[in-house]
Amino acid sequence: MSDYVIEMINITKKFPGIVANDNITLQLKKGEIHALLGENGAGKSTLMSVLFGLYQPEEGYIKKDGKKVIINSPNDATALHIGMVHQHFKLVEIFTVLDNIILGAEPTKYGFIERKKGAERIKKLSEQYGLSVDLNAVVEDITVGMQQRVEILKMLYRDNDILIFDEPTAVLTPQEIDELMKIMKNLAAEGKSILFITHKLNEIMSVADRCTVLRKGKCIGTVNVADTTKEELSEMMVGRKVEFSVQKPEITPGEVVLEVKNVSVASKIHKGEAVKNVSFNVRQGEIVCIAGIDGNGQTEFIHALSGLDKVKSGEILLKGKNITHAPIRERSKDGMSHIPEDRQKHGLVLDYSLEDNLVLQKYWEPEFVNKGFLRRKNIRKYAEKLIEQYDVRSGQGPITICRSMSGGNQQKAIVAREIDKNPDLLIAVQPTRGLDVGAIEYIHKQIVSQRNSMKAVLLVSLELDEVMDLSDRILVMYEGEIVGELDPKTTTVQELGLYMAGAKRNVGENHE
Amino acid sequence: MPLVLEYTLVFTTVLALVALGGMFSERSGVINLGLEGIMVIGALAGAIVTSVLSKANCPNFLNVIVSIIASMISGWLFSMLLGIACIKFKADQTITGTALNIMSTALAVVIARMYTKTPSSQVDYTRQIYMFSYDGNVGIFLIFMLVATFASYVFLFKTSGGLRLMSCGEHPQAADSVGINVYKERYLGVSISGILGGLGGFAYIVQSAGQWDFKYGVTGFGFLALAVMIFGQWKPIKILLAALVFGLCQTVAIIYSGTLGIPQFVYKMLPYIVCMIVLVLTSKKSRAPKAEGQPYDQGKR
Amino acid sequence: MNSTFKDKIKSVFSNLRNRIRDFFVKGKQEKSGLQKFLTTDAFKNFLSSVICVIIGLLVGIIVIVIVNAPNSAEAIASILKGGFNAPKWQRGVGSVLVNAIPLLLCSLSIIFAYKCGLFNIGAPGQYVIGAMFAFLGAFFLKAPWYVCLILSAIGGALWGIIPGFFKAFLSVNEVITSIMFNWIGLYLLNFVAGPEAGIMYNENLAECFILPKSSLLPTLGFDKMLSGYKYVTVAFYIAIILAIVVRIILNKTKFGYEIKATGNNKDAAKYAGMNYKRNLIITMAISGALAGIAAGCFYLTGYEVYSATKQTSLPAMGFNGIAAAFLGCLNPIGSIFSSLLITHINVGGGYLDTTYYSKEIGDLISSLIIYLCAFSLFIRLTITKIQNRKKELAEANNATPEKNPDVKEEKVGEKECH
C-alpha cells in the first residue's frame, strides 16, 4: 500500500494559447487536509477538472492507492470515490434536500424511488458527521450554509473518501466558516482525505496539514503548514511580496452626497421585503462599505439604489435631489456611477466591441451622437484614451470583442468607464470578485483615489479583508436590515462576523 | 352522449396527449415548438397505414394497433430532427421547432400525394374502427390519454427516471455532476414528446373526420397544446385539467359557431383569445423549467 | 485488391488536404487580402449559408427522385431553373421578383426583431393584418396606392405592438403570443375579406374583387423591361431601400446601438439606462410594419387575388421570411440575395409537373434550409476549428511569439454578422 490515496504525477494540460497545468505533481495522504493554494487563473480548477475526469491531460497520470487509474468522466471519478463540493453549488432548487442528495444514486425498487430508505441512510450520516439538514425542505428555501451541508452529504452518501472542496468559504460567515473547518477536521478524523482549494491563507493556516501552491500553471511547491508562515505562502502564491494593507491618508469627509431614508424593497422570492427600512448616508471623501453575507439584501438594495428595481417605500436623495423613482439614465446624469456586481450580466455587452462598451454610459451624449447617428470617430478616440489611461489590455484594442477579454481586463474597462464619468457617487459592488492579486490592487487603488479626490464611495463587499482595508465606515446588513455601524479601526473581523451572522446589533433595534 | 360532452372529450384527449408530450420535452430542458409539426407527421403516418390496412382487409383490431404504433414511431422519428439539432448540435430550439412545423406540412403534402397518386393531398380512412360506438366521436384515444396522464405523474414524481429527467431541465450541470447523462435524458424527453405528439396528431384527425387534407396541417392545435402545458404548469394532472378547459372552449367555438348573432370568426378566434387571457393570468406565477431552451455543453461548466 | 484502391483514395484525399492546408498556412504567413478575408466572420457566414443551400437542395433532389424517379431529371431541372422555366424568361424573372419582394420585407422584419433579441414568429400575422389594412384602404376608402401601402405598414405595426406589449408589461413570451395572434389575425382578415362582412367579397368567384386601378402600385416601366409583365412595381425599389435603411439603422444609429445592446444583453442595456420596454415596443412596431408592408407590396400588385374561403391556413410568406433572414445571416443586404434564391426555388417548384410532383417540394426545400440554418452556429464553429488547426500548424512551423496570456482564445462564431 502506498502512503498516498491519490497521486497526480507530472500533469500537463494545455489549452490553445496557454498551458494551464505545467508538469504539476500533487500527492494526497489518507486522512489529511491538503490545501491547494493559488490565485484565480493559477490552474487550480483545471487540475481538479483533470482529477474529476472533465479534462484529459496531455502528459502525466493519476494513481489511486498506488495503482495507476484512468479517469475519463465524472462517473469514473465517482467510481473511485472521489467527490467534490463545487464553488457554485450544484443543487436543483425546486427539489427537496432529500431528492438532491439521492439524485443519480437513488435507492430504487423496480424503478420506484424508495425515499424512506434514502432518508434513513442520510440521517445516520448526518448524525455521524454532525451535519444537520432538513430533508423535506426545498433547496431554494434553505440557507447557504445548509446548502453546503447538503453538498457534503451528497458526497458522503456516495461513500466518497476523497473529498474536494472548491473555495467553500466564499459564501459563509466567519462563524459558519469556523463550523465548516470543524466539519472538515471531523471528516479527516474519520479517515476521509480532503483536498481544499482556496486562496485564503487564514483558513489554510487553521485547518490544513500540507499545502501545494500553484502559480501561473506551475507547481511552486508543497509545504507542511506547520513549518511555514502566512507571508511565506503568499509570496509563493503571488511571486513577490504583497502589501496586505492599502495606504489611505486621513481626510475629513465633506458634504453628504447620498442620503438613504427608510428604504424598503420588496423581495422577488418571497412575499416579504428583501430590504427593510434602511437609512444611512455617504459623504464626500469617504468609503462606506456595506458588509454582509451574500443574499442578505445587498443586491436588492443596490438594484433599488441604482434604479434597476423599484423602491417600495422610503426616499433616496442624491446631492439633495430626490431620485427615489428617477429612471436609471437620470441618476447617471446626476452623478451616480455604478460598478455592478455581475460584470458579465450587467456591466458589459459581451458581444460588443471594447469601444462600444466603453461608451455604454455615454453614447447618448452629443460628443458621440449627432442627429441619431453615432459619431464613430469620436467613440474610437475616446476609447483609445481610456484604454491607455487605465491600461486595459486586449487583443485588438478598441475593436476587441469583450467576450474574448480576461476577467481582470473586463473589470478594468468597467472601472475606467465608471470613473471617467467623474461621478459624485461611485457605487462599487464586489469590484474585485474573481480577480487576481494584481488586478485587485489596481482596483483598490482606483477606489481609494476616488475617495481622496473627495468623491463619495459606496462599496459592497463580501470579502472581509477588503471591507476592513478599504472602508472608512462599515455598515453591516443582515436579513435586509442594517444591524450595525462599525469603525474599521476599532473593530475586529470576529466582531464583524457576529454582526454579519445576526448575533449582535447596535442600530435599528429601537425602530421595531 | 350529449354533443358538447363528446366534443369536449375529443379535444381534451388531443390537447392533453400533446401537452404531456411537450411537458416531457421541456422538463428535460428542450423547448419543443415543433409539436405542431410532429402532430402532422404522426397523423399522416397513422392515416396512411390505417388506410392501407383497411384496403388489405386487415382485421380491425390489428389495424388499429399497427396504425397507432405507426403514428407514434413517425412522431418519434420526426422529433429526433429536433433532438439531434438541439441536443447534439446545440441549435437554437425556437428556430429548429419553427423549421419543423413548416417542413411538416410540405412533407405531409408531398407524401400524401405520393400515396393518393392524385394532385390531391387528401387521405381517406375508416375512422369508425377507432370509436367506442359506431357513429360516435369519442375514440379509444381517450384511454391512451388517461393512461398517459397517470403514467406521467407516476414516472415524474415516483421513479428515479423522472427525478433524473427533471433535474436535466432544471440544472443540467448538477445532473451531470452526479453522473446523469444530460444528453441521454434530453433525448428521452424529446422522444416521449415525439411519441405522444404523433399519437395526438393521429387522434386529432381520426376523431375529427373520415378523411383529412394534409395541406391544412393540424390547424394550430400543437400551439394550443403548448399553451395547455404552460397553463398546466408542467404538471400532468394540472395539464389534464387545463386541457379540459381548452377542450370545452374549442367545443363551444365549434358547436355554437354562427349562433347567438355573433359572427363566426369570433368563435374561431375564441380558443386563441382564451389562451392569451390564460397566459397573461398565469405568466406571473408560472415557473418553467429553469434550464429549458439552453443547449447543454459538457465543456462549459 | 481492395486495399490498393483504398490507398489510392486515401492518398488523393491526403494530397487534397495538404493542399488546402498549404493554402491556409501560407495565408497566415503572408496575410494577403484574400486569405485574410477567408477567416472573417462574413466569409464564414457566407460559407455556412452556401453549405445550407447545397444540402437543402440535395435533400430536395433526393425527395424528387424518391417521388418519381423516371421524371426526376426534368423535375430537378425545373427546380434549378426557377423563373427561367417561363416561355419568356423576362416574365419568369418578373414572377420571381414579385414574390421575392415581400419575402425580403418579411425577412427584414425577422432580422430587425432578432437583433433586439426577439423572435418575431408573428410575421405571418402581421402580414395578414397588413393585407387587411391595404384591402380596407383600397375597397373601403378608395385610397390611392401609397395610402394603402402606408395603411398596410400601420396594420402590421399594430399587430407587432401587441406581442411587444404583452412581453413588456405582462412578461408573456413573445413567441407564444405571436403564434396566437397569427391565427387571430388570419380569422380577422377572413372575416373582413370574406362573405360575412361582405365589403369586398365577390360571391361568384369566391374571392375578393379586383383591386381598383388607383390602388395598384405603379409599375414605373418595369412592364416594358419584362416584356409586358406588369406585376413588378415600385415595390421593388421600396424593398431595396428598406433593406438599406434597416442596415443603416442597425449599424449607424443610436437606436440601432440600443436595440442591439438589448438583444445581446438585456440586463446590461437596462443598466446603461436604456428604456427596455419602449425599445422593445418600438422594435416590434417596426418589425410588424415591415411584415405589414410586405403584404401591401404583394397584394397591391394585383398578382394574386385574396380568397378568404381558400386561405384557411397562415400564408407561408411570413414563415419563409425566417428562412430568408437566417440564410442571409441576419444581414439585411444578405437577405436580398437569400430571398431571391428562396423564391427562385419556390417558383421552380411551381413549374413541376403536377401529375408526378407537388409544388410543395419547393416549400420543403426552403423549410429544410431553415432547419439547416439552425446548424449554422455549428457549421461556423467547424470552419473556425479547421482554420485554427491550420493556424496552429503554421505557428508550430514558425514558432511565432507566444500569445499575450492575458487574452483568452477568442470564441468565434457565437455572434452574428453585423
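Since we're looking at a predicted model, the values are computed, not measured. Residue indices begin from 1 for each chain and proceed along its sequence in written order. Chain A is the first chain written and ligand 1 is the first ligand written, with later ones labelled in order. In keeping with the model being predicted, local features are shown solely for residues with a pLDDT of at least 70 and side-chain atom pairs are shown and tallied solely at 80 or more, while totals for entire chains, interfaces and linings include all residues. Hydrogens and waters are ignored; side-chain quantities use all the structure's heavy atoms.

Student: Describe the overall build of chain A, with residues and values.
Tutor: Within chain A, the regular secondary structure consists of 17 helices and 24 strands. In terms of overall size, chain A behaves like a compact globule, its C-alpha atoms giving a radius of gyration of 25 Å where 512 residues would be expected to give roughly 24 Å. Along the first, second and third principal axes, the C-alpha atoms of chain A reach 75 × 55 × 50 Å. Taken across its 512 residues, chain A has 56% of its residues classed as buried. Neither His nor the chain ends contribute to the count of charged residues, in which Lys and Arg are positive and Asp and Glu negative. Taken as the charge location is NZ of Lys, CZ of Arg, CG of Asp or CD of Glu. Between the averaged position of the 67 positive side-chain charges in chain A and that of its 72 negative side-chain charges there is a distance of 4 Å. Here a helix means four or more residues in a row that DSSP labels H or I, a strand means two or more in a row labelled E, and each is numbered from the N terminus. With the radius of gyration taken over C-alpha atoms, the globule rule is written as 2.2 Å times the number of residues to the power 0.38. The classification of residues rests on relative accessible area computed with a 1.4 Å probe and restricted to protein chains. Under 20% of the type maximum is buried, over 50% is exposed, and intermediate values are partly exposed.

Student: Please give an account of the interface of chain B and chain C that cites residues and values.
Tutor: The contact criterion used is simple: two residues touch if any of their non-hydrogen atoms lie within 4.5 Å. Counting from both sides, the interface comprises 45 residues of chain B and, opposite them, 44 residues of chain C. A quick way to say it: buried area is the sum, across both parts, of accessible area lost when two parts are put together, with a 1.4 Å probe. The contact between chain B and chain C buries some 3,900 Å² in all, and 81% of this surface belongs to carbon and sulfur atoms. Whenever Lys or Arg places a side-chain nitrogen within 4 Å of a carboxyl oxygen from Asp or Glu, that contact is recorded as a salt bridge. Along the contact surface separating chain B from chain C lie one salt bridge. Residues Glu360 of chain C and Arg113 of chain B are paired through a salt bridge, measuring 3.9 Å at the closest nitrogen-oxygen approach. Of all the secondary-structure elements, those providing two or more residues to the side of chain B that touches chain C are helix H3 (60-88), helix H4 (93-116), helix H9 (221-231) and helix H11 (264-283) of chain B. Nonpolar residues are Ala, Val, Leu, Ile, Met, Phe, Trp, Tyr, Cys and Pro. Charged residues are Asp, Glu, Lys and Arg, and all others, Gly as well, are polar. Residue classes in the side of chain B that touches chain C are distributed as 31 nonpolar, seven polar and seven charged.

Student: Report on empty space enclosed by the protein, specifying residues and quantitative values.
Tutor: Each cavity reported here is a set of points on a 1 Å grid over the protein atoms alone in which a 1.4 Å probe fits but cannot get out, each pocket an open set with protein on both sides within 12 Å along at least five of seven lines, and each lining residue one with an atom within 4 Å of a point. Grid points are joined across faces, edges and corners, and a volume is the space filled by probe spheres set on the points. For the coordinates displayed, the defined rule picks out five cavities of 30 Å³ or more. In this model, the largest cavity occupies a volume close to 140 Å³. The wall of the largest cavity is formed by 15 residues, among which Gly83, Met84 and Arg158 of chain A together with Ser177 and Val178 of chain B lie closest to the centre. Counting residues per element, the ones that place at least two in the lining of the largest cavity are strand E6 (82-85) and helix H5 (144-157) of chain A.

Student: Break down the packing of aromatic side chains for me, citing the residues and quoting the values.
Tutor: Any Phe, Tyr or Trp ring, taking Trp's six-membered ring, that has another such ring centre within 6.5 Å forms a pair; planes under 30 degrees apart are called stacked, those over 60 apart edge-to-face, and the others tilted. Counted by the stated rule, this structure contains 41 aromatic pairs over all chains. Relative to Phe221 of chain B, the ring of Tyr204 of chain B lies with its centre 4.3 Å away and its plane at 25 degrees, an arrangement referred to as stacked. Of this pair, Tyr204 of chain B sits in helix H8 (residues 182-208) while Phe221 of chain B is found in helix H9, placing the two residues 17 residues apart along the sequence. No difference in accessibility class separates Tyr204 of chain B from Phe221 of chain B, as the two residues are buried. When the ring of Phe135 of chain C is compared with that of Phe139 of chain C, the centres are 6.4 Å apart and the planes differ by 50 degrees; the resulting orientation is tilted. Taken together, the residues span about one helical turn, with Phe135 of chain C and Phe139 of chain C both in helix H6 (residues 123-140) at a distance of four residues. Note on accessibility: Phe135 of chain C and Phe139 of chain C belong to one class, buried. We count a charge as sitting over a ring when the NZ of a lysine or the CZ of an arginine lies within 6 Å of the ring centre and within 35 degrees of the ring normal. Positioned above the aromatic ring of Tyr442 of chain A, the side-chain terminus of Lys412 of chain A is 4.9 Å from the ring centre.

Student: How would you summarise the interface of chain A and chain C if you had to cite specific residues and measurements?
Tutor: Taken together, the contact between chain A and chain C spans 38 residues of the former and 27 residues of the latter. In this assembly, chain A packs against chain C so that about 3,000 Å² is buried in total across both faces, 56% of it on carbon and sulfur atoms. In terms of surface lost to chain C, no three residues of chain A exceed Tyr352, Tyr363 and Ser404 of chain A, which account for 19% of the buried area on that side. Applying the counting rule to chain A against chain C returns zero salt bridges. Pairs of N or O atoms within 3.5 Å make up the polar contacts considered here, provided that, within protein, one atom can donate a hydrogen while the other can accept it, and that residues adjacent in sequence are counted only when both atoms are side-chain atoms. Where chain A meets chain C, there are 17 residue pairs in polar contact (both at pLDDT 80 or more). Of all the elements, helix H11 (residues 343-347) of chain A adds the most residues to the side of chain A that touches chain C, at four residues.

Student: Can you explain H8 of chain B? Please cite residues and give values.
Tutor: Residue and element names in this part refer to chain B. Expected helix span is taken as 1.5 Å per residue step, with the number of steps being one fewer than the number of residues. End to end, H8 covers 38 Å across 27 residues, agreeing with the expected 39 Å (1.5 Å per residue, within 8%). Where burial is concerned, most of H8 is hidden: 21 out of the 27 residues are buried. Between the side-chain oxygen of the N-cap and the backbone nitrogen of Tyr183 there are 3.1 Å, and the N-cap of H8 in question is Asn181.

Student: An account of the pairing of strand E12 (residues 218-224) of chain A is requested, with residue identities and associated values reported.
Tutor: All names here are of chain A. Strands are treated as partners if at least two bridges between them are detected by DSSP. Both strand E11 (residues 210-215) and E12 contribute to a ladder of six bridges, which runs antiparallel. Within E12, the position partnered with Arg210 by the bridge is Asn224. What sits between the antiparallel neighbours E11 and E12 is a turn of two residues, in which Lys216 has the positive phi angle 45 degrees.

Student: Can you tell me about the confidence of the model for chain C, naming the residues and giving the values?
Tutor: Any region with low pLDDT has predicted coordinates that should not be read closely. Residues and elements named next belong to chain C. Each residue carries a pLDDT score, the predictor's confidence in it, ranging from 0 to 100. The predicted model of chain C averages 82 in pLDDT, with 86% of residues at 70 or higher. For chain C, per-element mean pLDDT is lowest for helix H1 (residues 2-30), which scores 62, and highest for helix H13 (residues 276-299), which scores 94. When the criterion is pLDDT under 50, residues 399-418 qualifies, and its contacts beyond four places in sequence or with other chains add up to 44 contacts. Predicted complex metrics record ipTM = 0.86 and pTM = 0.83.

Student: Go over the state of the cysteines with me, naming the residues and quoting the values.
Tutor: By definition, disulfides here are pairs of cysteine sulfur atoms that lie within 2.5 Å. Applying the stated criterion across every chain, the model contains zero disulfides over all chains. With no disulfide of its own, Cys275 of chain B lies closest to Cys249 of chain B among cysteine sulfurs, the gap being 9.0 Å. Here Cys373 of chain C is not cross-linked by a disulfide; its sulfur's nearest cysteine counterpart is in Cys52 of chain C, at 4.2 Å. What makes Cys373 of chain C buried here is its relative accessible area of 5%.

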